[in-house]
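Here is how the chains run, residue by residue.
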Amino acid sequence: MGLPCVEHKQNITIGPRYQVRLEDLRERRVVEITCGRCGRQGKVYPATLRRKLPGHTKLLDLVPRFTCRARRNREGNTWRILALSRNG
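Since this is a predicted model, take the numbers as computed values, not measurements. (Residues numbered from 1 in each chain as written. Predicted model: local features only at pLDDT ≥ 70, side-chain atom pairs only at ≥ 80, totals over all residues. Heavy atoms only, no water.)

> Please clarify how the pairing of strand E2 (residues 29–34) should be interpreted in this entry.
In the case of a regular strand, side chains alternate between the two sheet surfaces. Counting buried residues in E2 gives six out of six residues, a clear majority hidden from the surface. Residue alternation in E2 divides its side chains into two sets, Arg29, Val31 and Ile33 and Val30, Glu32 and Thr34, and both sets are buried. As judged from the four bridges shared by E2 and strand E3 (residues 41–44), these two strands associate in the antiparallel manner. Bridged to glutamate 32 within E3 is lysine 43. As consecutive antiparallel partners, E2 and E3 are separated by six residues, and within that stretch glycine 39 has a phi angle of approximately 80 degrees, a positive value. (Buried < 20%, exposed > 50% of the residue type's maximum accessible area, 1.4 Å probe, protein only. Helix = DSSP H or I, 4+ residues; strand = E, 2+ residues; numbered from the N terminus. Pairing = 2+ DSSP bridges.)

Structure representation (structure tokens):
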């Protein structure tokens, strides 16, 4: 069984960045992280994070853990929440 095709629809604002918790992220959302050094982007699905961390974990506290695979960089990385939509 294949994975559904998804595309990033739009940037979502669900509250102040310092308050957003894993439990605030609904299905059909993805966290996009951009490397502060090379600009490479990676995606993390909230369900993946929720399997490993409690729901009250703030995304801002996870930023230091986000590591660029190409540069092994953890500094200056940024994140945003995107909504997903299914392709027909």
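Let us keep going from here.
> I would appreciate a short explanation of the packing of aromatic side chains in the present structure.
Within a pair of aromatic rings, the relevant descriptors are the distance that separates the centres and the angle that separates the planes. Here the structure, examined in full by the defined rule, presents zero aromatic pairs. A cation over a ring is seen here: arginine 17 above tryptophan 79, with NZ or CZ 4.1 Å from the ring centre. (Phe/Tyr/Trp six-rings, centres within 6.5 Å; stacked < 30°, edge-to-face > 60°. Lys NZ or Arg CZ within 6 Å of the ring centre and 35° of its normal.)

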